[in-house]
Amino acid sequence: MTEDEIVTALSPFGQSDTSYTRHHDGIGLGIPIVENLTTLQNGTFSIRSKPGEGTTVTITLPQAS
């Protein structure tokens, strides 16, 4: 994904694929929900992507005390 596609994917109902290139159905809520749940748990959420190569999403949550 490009930087613009990442911004789109992070917005509710945003999808970075067009209907012509999309391989899976969805309404575009998964990534925003995971980002918000991670933030609520005082964690960190990041997306690293190289167009044509792949995307890595990293979620780090604090250890329970």
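As recorded in an unreviewed UniProt entry, the chain goes by the name histidine kinase, listed as coming from Iodidimonas gelatinilytica. Note on the chain: under the UniProt heading Catalytic activity (unreviewed entry), the record states "ATP + protein L-histidine = ADP + protein N-phospho-L-histidine."

Within the secondary structure layout, T38 lies in helix α2 (residues 30-40). Contacts of T38, omitting those with residues within four sequence positions, involve G43, T44, F45, I59, T60 and L61.

Looking now at a nonpolar patch on the surface. Nonpolar side chains collect at one region of the surface, where V34, V57, I59 and L61 lie side by side and expose about 310 Å² of accessible area between them. Along the polypeptide, I59 turns up in strand β2 (residues 54-60). Taking the relative accessible area as the measure of exposure, I59 reaches 41% and is therefore partly exposed.

Take the nonpolar core next. With 5 residues, the main nonpolar core is built from M1, I6, A9, F45 and I47. Those elements giving two or more residues to this core turn out to be α1 (3-10) and β1 (44-50).

Turning our attention to unusual backbone geometry. With a phi close to 60 degrees, N42 is a non-glycine residue in the positive phi region. Along the polypeptide, N42 turns up in the loop between α2 and β1. Exposure remark for N42: the relative accessible area of 67% places this residue in the exposed category.

The rules we used
- Residues numbered from 1 in each chain as written.
- Predicted model: local features only at pLDDT ≥ 70, side-chain atom pairs only at ≥ 80, totals over all residues.
- Heavy atoms only, no water.
- UniProt positions renumbered as here; feature names shortened; annotations may be inferred.
- Helix = DSSP H or I, 4+ residues; strand = E, 2+ residues; numbered from the N terminus.
- Contact = heavy atoms within 4.5 Å.
- Patch = residues over 30% accessible without salt bridge, like charges linked within 9 Å, V, L, I, M, F, W, Y side chains within 5 Å.
- Areas by Shrake-Rupley, 256 points an atom, 1.4 Å probe, with all protein chains shown as cover.
- Salt bridge = Lys/Arg side-chain N within 4 Å of Asp/Glu carboxyl O.
- Buried < 20%, exposed > 50% of the residue type's maximum accessible area, 1.4 Å probe, protein only.
- Core = buried A, V, L, I, M, F, W, Y, C linked by side-chain atoms within 4.5 Å.

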